[in-house]
Amino acid sequence: RYVVGIDLGGTKIAAALFDSQGNIRNRERMETANAKTAEEVVQRLVDMTRSVAGGLPLSGVGLASPGAVNSKDGIVLHGTNLPEWTNVPLKRWMGDALDVEVQVVNDANAAAWGEYVRGAGKGAETMVYVTFSTGIGAGIVLDGKLLLGATSFAGELGHTIVEPGGPACSCGNNGCWEMFASGTAIRDSAAELMRSRSSAIADLAAAQGEAMSAKHVFEAYRQGDGVAVQVVDRAVSYMALGLANAVHTFNPDRIVIGGGVSKAGDQLFPALRDRTEQMVMKPYRGTYELVAAGLQDDVGLIGAAALFHAS
Ligand code: ADP
Ligand code: ZN
C-alpha cells in the first residue's frame, strides 16, 4: 500500500506518492495563489491526492501545514501563510472525500520527523531538530516518538524568549530566540552595523543581483570582513544558547540543523559545535552529535508521509 505526503506551503503545495519502502514514486506541485477559500484549497488537495496516487491503494495521507495545528483532530487552527484558514477540519474533509486516514502535523514537526525517519536523525533516540531560516522552526523526537504535547504545539523553540523586552516578534512577544538567531536577524544586525561601518556585505549581494541576506553575511565572513565577523560571532552565540537550552531540556543524542542558514556549512558548524559545548553543563558534554540536516526541500512531505510508518 501507498502513502501520500503533502507539504502545504503558502505559495505552493507539493505532494508525493510513497511506496512502502518510503521511495517517492510520483510527485506534483501546484500554486496556491489563486485559490480563495479553504474549501477550494481542500478540493485541490483532494484532486492532487487522487492524481498523484493514480488509482493505487492508499493507507494514508499525511499533511504538513504551517501555523498552529490540532493534530489530534486534524484541524488547521490558523494557517500563517494562508490567512483565510481558521479552524479548517482538514482531516475530516479530506478523509470523507478520499475515504482514507488523514494526519495533519505542523510543518516543523513534520520536518523533524522526516529527518528522524529518513534523514540525519536516523538511528538517534532523542533528537532535536532546528531549522534556521527566515525564522526558526523546531521539532523534538523524544525516545523515538514525535513530541506533540497536550495541544500539539510542542517544539516552538523559535519563540522561546531569550531577552525580556527585546525586539518585537511577529508572534506578539518580545525578545524571541528567532529575533537573534534566524537568517532575518543575521541580516538585520549586519544592516544595523553597516550604518556606521563599511563592509563588503552589500557589494557581495549587489554583485549577485540579490537583496542582502544572511547568505552574503556568511560570504563576507569567509573573507574576514569585520562587520560580518562580529555579526556571525554574535549570531552563533545566540544559536548555541538556544541549542544548549534544548540540550538541558531534552538530553538529545542528536541535534539536526536545517534551513537556509545551515548552508553556511563549515562557516557555521565547527563554531556552533564549540559554542554549544561551552554552554551546556559538564554532564552533557560529548553526549550529543550536532549535524547538518540530510533532506532538502522534500523534508516536510517526507515527514508527513512517514507519520504512517511505525518508527
Ligand atoms: P524559508 O525561511 O523560506 O524556509 P530558507 O530555509 O531557505 O527559507 O532560509 C532562508 C535564509 O537562509 C535566509 O536568511 C538566507 O539568507 C539564508 N541562507 C541561504 N543560503 C545561505 C548560505 N549559503 N549561507 C548562510 N545563509 C544562507
Ligand atoms: Zn516570537
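Participant: What am I meant to see in the packing of helix α8 (residues 226–250) against helix α9 (residues 269–279) here?
Facilitator: At a closest axis distance of 8 Å, the pairing of α8 and α9 adopts a crossing angle of 50°. Classed by the angle they form, the pair α8 and α9 counts as oblique. Crossing of α8 against α9: the hand is right-handed. Two secondary-structure elements touch here, α8 through Asp233, Val236, Ser237, Met239, Ala240, Leu241, Leu243, Ala244 and His248 and α9 through Ala271, Leu272, Arg275, Thr276 and Met279. A class-by-class count of the residues in the contact of α8 with α9 yields nine nonpolar, three polar and two charged.

Participant: I'm lost on the coordination of the zinc ion (ligand 2) in this one. Help?
Facilitator: Think of it this way: four donors in a tetrahedron around the metal ideally sit 109.5 degrees apart, and six in an octahedron ideally sit 90 or 180 degrees apart. Taken together, the protein donors to the zinc ion (ligand 2) comprise His159 (ND1), Cys169 (SG), Cys171 (SG) and Cys176 (SG), at separations of 2.0 to 2.4 Å. Taken together, the four donor atoms coordinating the zinc ion (ligand 2) span angles of 104 to 121° at the metal, a pattern that classifies the geometry as tetrahedral. Spacing between the donor residues of the zinc ion (ligand 2) along the chain follows H-x9-C-x1-C-x4-C. Here cysteine 169 falls in the buried class, since its relative accessible area comes to 7%.

Participant: Looking at this structure, I do not really get the side chain of threonine 276. What am I missing?
Facilitator: Mapped onto the elements, threonine 276 comes out in helix α9. Those residues in contact with threonine 276 that sit more than four places away from it in its chain are Ala240, Leu243, Ala244, Tyr288 and Leu290.

Participant: Explain the pattern of salt bridges here, please?
Facilitator: Opposite charge on two side chains permits them to pair, given that their charged atoms come into close proximity. Enumeration according to the criterion identifies seven salt bridges in this entry. Aspartate 233 is the partner of arginine 275 in a salt bridge, and the nearest nitrogen-oxygen pair spans 4.0 Å. Remark: aspartate 233 occurs in helix α8 and arginine 275 occurs in helix α9; sequence separation between them is 42 residues. Residue classification places aspartate 233 among the partly exposed positions, given a relative accessible area of 36%. When the shortest N-O distance is used, the salt bridge between glutamate 289 and arginine 254 registers 3.4 Å. With glutamate 289 in strand β13 (residues 289–292) and arginine 254 in strand β12 (residues 254–258), the pair connects residues that are 35 residues apart, well separated along the chain. For glutamate 289, a relative accessible area of 44% translates into the label partly exposed.

Participant: I tried to follow unusual backbone geometry on my own but got confused; where do I start?
Facilitator: For residues other than glycine, phi is negative in most cases, and the peptide bonds are mostly trans. Backbone geometry at asparagine 87 places phi at a positive 50°, although glycine is not the residue there. Tracing the chain through its elements places asparagine 87 in strand β7 (residues 86–88).

Participant: Help me out: how do you make sense of the environment of alanine 14 in this one?
Facilitator: One can find alanine 14 in strand β2 (residues 12–18). Through-space distance from the C-alpha of alanine 14 to that of arginine 27 is 7.5 Å; in sequence the pair is 13 residues apart. Excluding its chain neighbours within four sequence positions, the residues that come into contact with alanine 14 are Gly5, Ile6, Asp7, Glu28, Arg29, Met48 and Leu301.

Participant: Help me understand the sheet that holds β2 in this model?
Facilitator: Strand pairing in a sheet relies on backbone hydrogen bonds. The paired strands run either parallel or antiparallel. Pairing is mixed in the open sheet, where five strands are placed in the order β3-β2-β1-β4-β8. The open sheet has two edge strands with one neighbour each: β3 (24–31) and β8 (102–106). Averaged over all pairs of adjacent strands, the angle between their axes in this sheet comes to 15°, without regard to strand direction. Bridge count for strand β4 (residues 58–65) against β8 is five bridges, and the pairing is parallel.

Analysis parameters
Residues numbered from 1 in each chain as written. Chains lettered and ligands numbered in written order. Predicted model: local features only at pLDDT ≥ 70, side-chain atom pairs only at ≥ 80, totals over all residues. Heavy atoms only, no water. Axes fitted to C-alpha atoms, helices over the stretch in contact; angles between N-to-C directions. Helix = DSSP H or I, 4+ residues; strand = E, 2+ residues; numbered from the N terminus. Parallel < 35°, antiparallel > 145°, perpendicular 65-115°, else oblique. Left-handed = near helix turned anticlockwise from the far one by under 90°. Contact = heavy atoms within 4.5 Å. Nonpolar A, V, L, I, M, F, W, Y, C, P; charged D, E, K, R; others polar. Donors = N, O, S within 2.8 Å, 3.2 Å for Na, K, Ca; no water. Tetrahedral: all angles 85-135°; square planar, octahedral: opposite > 155°, others 65-115°. Buried < 20%, exposed > 50% of the residue type's maximum accessible area, 1.4 Å probe, protein only. Salt bridge = Lys/Arg side-chain N within 4 Å of Asp/Glu carboxyl O. Pairing = 2+ DSSP bridges.

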